[in-house]
Amino acid sequence: GVNNNDSRGALIVLEGLDRCGKTSQSSRLFPYLEGLGHSVELWRFPDRSTSVGKMISAYLSNQSQLDDHTIHLLFSANRWEKRSMMETKLKAGTTLIVDRYSYSGVAFSSAKGIDVEWCKAPEIGLLAPDLVLYLDIPPEKAAERGGYGSERYEHLDFQRKVAQYYQILRDSSWKIIDACQSIEEVEKQLREIVLDHVITCHKGKPLSLLWS
Ligand code: NYM
């Protein structure tokens, strides 16, 4: 690999509305970075493999009903249960490409009418991403792509609200990528930005915590 002994991996998060192309793009970034000799893993939230993740999955597929605050805290708990593994991997030099993170947590729950600050509170102390890539697509365009499944939240009206809360959450450090471009064009832009950040983290940029 290209790592020095003391260099850490980068925490790279992809965010965006349902059907924005996050999942395809994360799976394309993975072999790219690996091919350059980096240690890299592909993660996603919710992580449906844990027991908390199974509760989340049942909720999303309408097999269970939960109070809005309760499901919010479960999504957060699902990140907390992976936190120490995340830190271990990053410190060992592995870059993590993460499909959705705390911003999804806050945007989707706030879109239901829960106070933004309340939504952010349980995320405090999780590792802050080194890079947030926002795949920007108008909700109407995402809906046209089809493939909205039957899961909760996969409706145009709701996605419009989620988009508004992503707007509130974004800051100047986010990289906004026009997700209406071709898959190849989006991929090309992501590669450049990501590689740049992986190298910065190898050079010893310290890890920080949410919300910072
Ligand atoms: N979602 C995802 C939340 O509501 N809160 C969260 O914290 C996270 C990580 O779950 N519509 C929502 C967004 C998605 C849904 O995600 C499932 P995916 O990427 O479709 O598996």
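Residues numbered from 1 in each chain as written. Predicted model: local features only at pLDDT ≥ 70, side-chain atom pairs only at ≥ 80, totals over all residues. Heavy atoms only, no water.

An unreviewed UniProt entry lists the protein chain under the name Thymidylate kinase, from Melia azedarach.

Draft legend 1. A look at the packing of helix α4 (residues 102-110) against helix α7 (residues 156-169). Viewed as axis vectors pointing N to C, α4 and α7 meet at an angle of 130 degrees, and their least axial separation amounts to 8 Å. By the angle between their axes, α4 is oblique relative to α7. With respect to the hand of their crossing, α4 and α7 are arranged in right-handed fashion. Along its contact with α4, which presents Y103, S104, V106, A107, F108 and S110, the element α7 presents F158, Q159, V162, Y165, Y166 and L169. (Axes fitted to C-alpha atoms, helices over the stretch in contact; angles between N-to-C directions. Helix = DSSP H or I, 4+ residues; strand = E, 2+ residues; numbered from the N terminus. Parallel < 35°, antiparallel > 145°, perpendicular 65-115°, else oblique. Left-handed = near helix turned anticlockwise from the far one by under 90°. Contact = heavy atoms within 4.5 Å.)

Draft legend 2. Main features of the side chain of D18. Mapped onto the fold, D18 is located in the loop between β1 (11-15) and α1 (22-35). When residues no more than four places from it in sequence are discounted, the contact partners of D18 are R100, F108, A142, Y148, Y153, E154 and Q159.

Draft legend 3. Up close: the sheet that holds strand β4 (residues 131-136). Pairing within the open sheet is parallel, and its 5 strands lie in the order β2-β3-β1-β4-β5. Either end of the sheet is taken by a strand with one partner, and the two such strands are β2 (40-44) and β5 (175-178). The average angle at which neighbouring strand axes cross in this sheet is 20 degrees, direction not considered. Looking at chain direction, β1 and strand β3 (residues 95-99) are connected through 4 bridges and run parallel. Pairing of L11 across the sheet is with L96, part of β3. (Pairing = 2+ DSSP bridges.)

Draft legend 4. Up close: the site of the ligand. Around the ligand sit 13 residues, and of these D18, R48, R79, R100 and G105 come closest. Interatomic distance of 3.0 Å between a side-chain N/O atom of D18 and a nitrogen atom of the ligand. Note that an oxygen atom of the ligand is positioned 2.9 Å from one of the side-chain N or O atoms of R100. Alone, the ligand offers 480 Å² of accessible surface; in the complex the protein occludes 94% of this. Mapping the ligand onto the cavity grids shows that it belongs to the largest pocket. Secondary-structure elements contributing two or more residues to the shell around the ligand are α3 (68-91) and α4. When residues in the shell around the ligand are grouped by element, the largest group, 3 residues, is from α4. For the shell around the ligand, the per-class residue count stands at 6 nonpolar, 2 polar and 5 charged. (Near = heavy atom within 4 Å. Polar contact = N/O pair within 3.5 Å; in protein donor to acceptor, adjacent residues only side chain to side chain. Areas by Shrake-Rupley, 256 points an atom, 1.4 Å probe, with all protein chains shown as cover. 1 Å grid on protein atoms, 1.4 Å probe; cavity = no way out; pocket = protein on both sides within 12 Å on 5 of 7 lines; lining within 4 Å. Sits in = over half its atoms within 2 Å of the grid points. Nonpolar A, V, L, I, M, F, W, Y, C, P; charged D, E, K, R; others polar.)

Draft legend 5. Region of interest: the side chain of N78. You can see N78 is positioned in helix α3. At 2.9 Å, the side chain of N78 and the side chain of E81 are in polar contact. Excluding residues that lie within four positions of it along the chain, N78 makes contacts with F45, P46, D47, T50, V52, G53 and I56.

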